[in-house]
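Report on the structure
Below, each chain spelled out in residue letters.
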Amino acid sequence: MLGRSIWRNKRYWLSGLLLAALAVFYACLPEPLFKEPVSSILLDRNNRLLGAHIASDEQWRFPPLKRVPPKFASSIIAFEDKRYWHHLGVDPLAIARAIRLNFRRGKVVSGASTLSMQVIRLASHNPERTLLNKILEAMRALRLETRYSKGQILALYASYAPFGGNVVGLEAAAWRYFGRSPEQLSWAESAMLAVLPNSPGLIHPGRKRERLKLRRDHLLKKLYQNKTISKLEYQLAIAEPLPQKPRLLPRLAPHLLATLASGKLRASGVSQSKEKNQGHIEYKLYSRQKRFVTTLDALLQQQINEIARYHGESLALKDIHNLAILVIDNHSFEVKAYVGNTPVSIHQAQHGQAIDLIQRPRSTGSTLKPFLFASMIEHGEILPETLVADAPVRYSGYRPKNYDRRFRGAVRAKKALASSLNIPAVNMLSAYGVERFLSTLRQMGMTTLKRRSREYGLPLILGGAEGTLWELTGLYANLANRAQQGAPDQHKFYRQAVVLKDANTETRRIDPISPPSAWMTLQALLEVTRPGAEGYWKRFSSSHKIAWKTGTSFGHRDAWAIGATPQYTVGVWVGNAAGEGRQGMTGVKVAAPILFDVFNRLDLDGGWFRKPLEQMKRVSICKDDGYLVNGHCAAMDYLIPKTSHFDQVSPYHRLAHLDASGEKQVHGGCESISHMRHQSWFVLPPDQAFYYQQSNPDYKPLPPWRVDCEGRLVSQTDSASMDKPMSLIYPRANTQIVIPVELSGKRGKTLFKAIHRKPDARVFWHLDSRYLGETRTFHEQMIYASAGEHKLTLVDEAGNTVEQGFKVLAQ
């Protein structure tokens, strides 16, 4: 009984010791295995290196590899551990050979470390070579083999082995010494890197480089002898020279790498959704990611960098120091080129060239005008042929001006867009509504519009808002993509540009613009005159069709040019990062030349957007003003979106009643109907007609009234049927005015302005039935008005009357 009890206790003790040993074995491997910081690296779509940031410990240590190229795997196994695929982390035969050889020589001349043991040694930061450490190393190598596959262990070794100087890991070494990825290395290059971790100091020039070549060639001979490589491959390999010195790593997209490495790139891929500004804004955090495989094309990126460098040097002479370029594929929404700022060396970045200006909000200038144009077409509020007023106008103290300071009276909406006229754009926004347009832009994906509509006001359309080149170029890419869709609901959601490979482009933001509206907008932008070309580019078949738009912010601080073809959208911004303006720095002069240089480097097929006829319907419009026919105009057929509810009949064509000579107007009170001539006439309001006829000499105003008819207008109907010869420029209907208080504490005055067809006409001004005075030739009055509702009345010598209500807001 006693013997059985002793045996039972021994069994318990042995079981306990075994369990403890297993526990120690299981826990002997550190977790994580490697804690060293790694470099952030940027790769193009074909895994070509675009740039890298050195790790925080000043080592070029690229993120760990997932697999090792076959050539390097064969080389390192042949050199370090020929039975690697067969042992379990420790090679007994290698241990026996090392003991015998070291005993014979009387000193340590050979080790028995397997690649698995070397991985453990690297993870332990190369501890002192003692017997205890060797035993621990062997035990951990055995544990390593139970946790990782052979391929994974090989990848760990290749990722953390030293390759000379501050170069750690195979990938960093391949790019530093040979300027290519590990997969592209030759047998000679792979063999050199395989022998280097054993003696990393041999890579330095002047440090017995011949020994490195002898070791490499010896390994190549071993690979030939074991039939890994052929005789021809061996002969070619040993003829290859060693690299002279480490290469500089490429810096093809430094700003993109900095933006990604900083942790966040707006709208670069769907990972989290955040409700904001009445739309879904997608963003992704990248702070833990170190290997960024992008959608960029390295060759194209290099070409666009050269364009940016060339123009950057030229602009610097004009004291303009920054620019940014973005290229998006309109079908995949992948970014093909990303130049965040003027390319300069790190030591020359004295004017903010290190800032990624693609992601920085800047004043939008006129770049939002096409989206107002498209939205108004979609909602049936204008057509491209519709006339829009281009005459002096004021909105509650805001007085927009065209860039050239000219007025055209009335201009077709498509011409106003192509010429980037400010007054028509403001008039259109006033009709469409600022709040409504803000909602549209937010729905499209603009995340920088954070203020209320009343804070933006009508200047929103002229650069009163801020946007990023990233988002604005994405908006134009969506317009180009939408114009190519075969059905209105083919892709009902907006898409977002992506710069990381395999990222999702879809969003949950509904696209309200139909393909016909998008096509009409791009067609209008095709007519924008190219810089210095004045339209002559159309004569050359080599010139590609490009729909494009420029923009210039107030004070010449920002210059934009964004263009689209069916294949690509290109966005360009030029300015100074610090915000200083420069005289003459406009979108046409400084940004557009860069835009067309970029398009010249793209592989364009020369095609244009197909007209979506199946999604359009035919209407009849007046040739003169682009409104629906009213029976008094020359008509033409016109295609508009099927979804459009445009129903505005021409307000400018009327039936004029003339005397027998056709030179005077008459009416029923002074001429019998049988003696009248009835003629259709195109009549603009006086303020528009005054400027319109200056650039349209064929415009004919209505003939004057016959003298005997002017005094016999007794009915309201007759008065209403007359052509009123004067109109108010300011105030407009329902105008709300804020009159500032002067330094004296008294309320100031505001300037009211009218226009009359007859230059020498006398106009009598009345405010709330109180006579103010008369004007001749220049019809302007400085008027004091208290807070509240008022009515302004103007009467000329012939008794023609214009009345307008307005409101002065209390302060």
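**Some remarks on unusual backbone geometry**
- Even without a glycine there, the phi angle at Arg405 is positive, about 65 degrees.
- Its location among the elements puts Arg405 in the loop between strand 12 (387–390) and strand 13 (409–412).
- Even without glycine at this site, Ser769 takes up a positive phi of about 70 degrees.
- Its location among the elements puts Ser769 in the loop between strand 27 (762–767) and strand 28 (770–776).

**Comments concerning the confidence of the model for the protein**
- Scored by pLDDT, the protein has a mean of 85; 84% of the residues are at 70 or more.
- This model gives residues 267–287 a pLDDT under 50, and the stretch forms 69 contacts once residues within four places in sequence are excluded.
- Below a pLDDT of 50 lies the segment residues 714–722, which in the model reaches seven contacts outside its immediate sequence neighbourhood of four places, other chains included.

**Considering the sheet that holds strand 19 (residues 568–575)**
- Strand order across the open sheet formed by five strands is 10-9-19-18-17, with antiparallel pairing between neighbours. In this open sheet, the two edge strands, each paired with only one partner strand, are strand 10 (335–339) and strand 17 (547–552). Direction aside, the axes of adjacent strands within the sheet are offset by 10 degrees on average.
- Strand contacts of helix 20 (residues 587–601): strand 9 (322–329), strand 17, strand 18 (558–564) and strand 19, with the helix running at about 35 degrees to strand 18, the strand carrying the most contacts.

**With respect to the nonpolar core**
- Membership of the largest hydrophobic core comes to 128 residues, with the highest contact counts inside it found for Ile325, Phe437 and Val574.
- Phe437 has contacts with Leu368, Phe371, Leu372, Leu429, Tyr432, Leu460 and Ile461, leaving out every residue within four places of it along the chain.
- In terms of nonpolar packing, the next biggest core, distinct from the first, is built from 64 residues, Ile41, Ile77, Val167 and Ala172 among them.

**Side note on the sheet that holds strand 29 (residues 780–783)**
- In spatial order, the strands read 24-26-29; together these three strands make up an open sheet with antiparallel pairing. A single partner strand is all that each edge strand has here, and the edge strands are strand 24 (726–730) and strand 29. Strand-to-strand twist of the sheet, defined as the mean angle between neighbouring strand axes without regard to direction, takes the value 25 degrees.
- Across four bridges, strand 26 (residues 750–756) lies against strand 29 in antiparallel orientation. Within the sheet, the bridge partner assigned to Lys753 lies in strand 29 and is Glu780.

**Section: the packing of helix 13 (residues 369–378) against helix 15 (residues 422–432)**
- Between helix 13 and helix 15, the shortest axis-to-axis distance is 11 Å and the interhelical angle comes to 45 degrees. Considered as vectors, helix 13 and helix 15 are oriented oblique to each other. Between helix 13 and helix 15 the crossing geometry is left-handed. Contact with helix 13, carried on its side by Lys369, Leu372, Phe373, Ser375 and Met376, involves Asn422, Ala425, Met428, Leu429, Ala431 and Tyr432 of helix 15 and no other residues of that element.
- Residues that form the contact of helix 13 with helix 15 fall into these classes: eight nonpolar, two polar and one charged.

**As for the environment of Val195**
- Here Val195 lies in helix 8 (residues 187–195).
- Residues Val195 and Arg215 lie 20 residues apart in sequence; the distance between their C-alpha atoms is 6.8 Å.
- Sequence-distant contacts of Val195, defined by excluding residues within four places in its chain, comprise Phe79, Leu212, Arg215, Arg216 and Leu219.

**Some points on the packing of helix 9 (residues 209–225) against helix 10 (residues 231–238)**
- Interaxial distance between helix 9 and helix 10 falls to 10 Å at its minimum, and their mutual angle equals 175 degrees. It follows from the interaxial angle that helix 9 and helix 10 lie roughly antiparallel. Seen from helix 9, the contacting residues are Lys213, Arg216, Asp217, Leu220, Lys221 and Tyr224; seen from helix 10, they are Lys231, Tyr234, Ala237 and Ile238.
- Class assignment of the residues belonging to the contact of helix 9 with helix 10 gives a composition of five nonpolar, no polar and five charged.

**Overview of the state of the cysteines**
- Applying the stated rule across the entire model yields two disulfides.
- Note that Cys622 is cross-linked by a disulfide to Cys633, the S-S spacing being 2.0 Å. The disulfide joining Cys622 to Cys633 has a torsion of about -70 degrees about its S-S bond and is therefore left-handed. Taken as a pair, Cys622 in strand 20 (residues 616–622) and Cys633 in the loop between strand 20 and strand 21 (635–641) lie far apart in primary sequence, 11 residues in all. Grouping residues by exposure puts Cys622 and Cys633 together as buried.
- The side chain of Cys670 participates in a disulfide bridge whose partner is Cys709; the two sulfur atoms lie 1.7 Å from each other.

**Side note on the side chain of Thr114**
- By secondary structure assignment, the location of Thr114 is in the loop between helix 3 (92–105) and helix 4 (115–123).
- Given a relative accessible area of 1%, Thr114 falls into the buried group.
- In this view, Thr114 contacts Asp81, His87, Gly89, Val90 and Asp91; residues no more than four positions away in its chain are not counted.

**Topic: the pairing of strand 26**
- Most of strand 26 sits out of view: five of its seven residues are buried.
- As defined by bridge partners, strand 24 adjoins strand 26 across four bridges and the pair is classed as antiparallel. Residue Leu728 lies in a different strand from strand 26, and its bridge partner there is Ala754.

**Regarding the pattern of salt bridges**
- The full count for this structure, using the stated rule, is 27 salt bridges.
- We note a salt bridge from Asp404 to Arg408, for which the minimum N-O separation is 2.5 Å.
- Given a relative accessible area of 34%, Asp404 falls into the partly exposed group.
- In this structure, the salt-bridge partner of Arg706 is Asp708, at a minimum N-O distance of 2.8 Å.
- Bridged by salt links that share partners, the residues Asp390, Asp404, Arg406 and Arg408 form one connected network.

**Observations regarding the side chain of Ser39**
- Mapped onto the secondary structure, Ser39 falls in the loop between helix 1 (2–27) and strand 1 (40–43).
- Owing to a relative accessible area of 0%, Ser39 belongs among the buried residues under this scheme.
- Separated by 3.4 Å, the side chain of Ser39 and the backbone nitrogen of Ala55 make a polar contact.
- Beyond its immediate chain neighbours, meaning those up to four positions away, Ser39 contacts His53, Ile54, Ala55, Gln59, Trp60, Arg61, Phe62, Pro63 and Lys290.

**Re the packing of aromatic side chains**
- Throughout the structure, instances matching the rule amount to 17 aromatic pairs.
- Taking the centre distance of 3.8 Å and the plane angle of 0 degrees together, the rings of Phe34 and Tyr160 count as stacked. Taken together, the residues Phe34 in the loop between helix 1 and strand 1 and Tyr160 in helix 6 (residues 150–160) connect sequence positions 126 residues apart. Each member of the pair, Phe34 together with Tyr160, is buried.
- Pairing Phe371 with Tyr476 gives two aromatic rings, centres 5.0 Å apart and planes at 80 degrees, and the pair type is edge-to-face. Residue Phe371 is found in helix 13, and its partner Tyr476 is found in helix 18 (residues 469–482); the two are separated by 105 residues along the sequence. Each member of the pair Phe371 and Tyr476 is classed as buried.
- One residue, Lys150, lies across the ring of Tyr84, its end atom 4.4 Å from the ring centre.
- Directly above the aromatic system of Tyr432 lies the positively charged group of Arg436, at a separation of 3.9 Å from the ring centroid.

Each value, and the rule that gives it
- Residues numbered from 1 in each chain as written.
- Predicted model: local features only at pLDDT ≥ 70, side-chain atom pairs only at ≥ 80, totals over all residues.
- Heavy atoms only, no water.
- Helix = DSSP H or I, 4+ residues; strand = E, 2+ residues; numbered from the N terminus.
- pLDDT = per-residue confidence, 0-100.
- Contact = heavy atoms within 4.5 Å.
- Pairing = 2+ DSSP bridges.
- Axes fitted to C-alpha atoms, helices over the stretch in contact; angles between N-to-C directions.
- Core = buried A, V, L, I, M, F, W, Y, C linked by side-chain atoms within 4.5 Å.
- Buried < 20%, exposed > 50% of the residue type's maximum accessible area, 1.4 Å probe, protein only.
- Parallel < 35°, antiparallel > 145°, perpendicular 65-115°, else oblique.
- Left-handed = near helix turned anticlockwise from the far one by under 90°.
- Nonpolar A, V, L, I, M, F, W, Y, C, P; charged D, E, K, R; others polar.
- Disulfide = S-S within 2.5 Å.
- Salt bridge = Lys/Arg side-chain N within 4 Å of Asp/Glu carboxyl O.
- Polar contact = N/O pair within 3.5 Å; in protein donor to acceptor, adjacent residues only side chain to side chain.
- Phe/Tyr/Trp six-rings, centres within 6.5 Å; stacked < 30°, edge-to-face > 60°.
- Lys NZ or Arg CZ within 6 Å of the ring centre and 35° of its normal.

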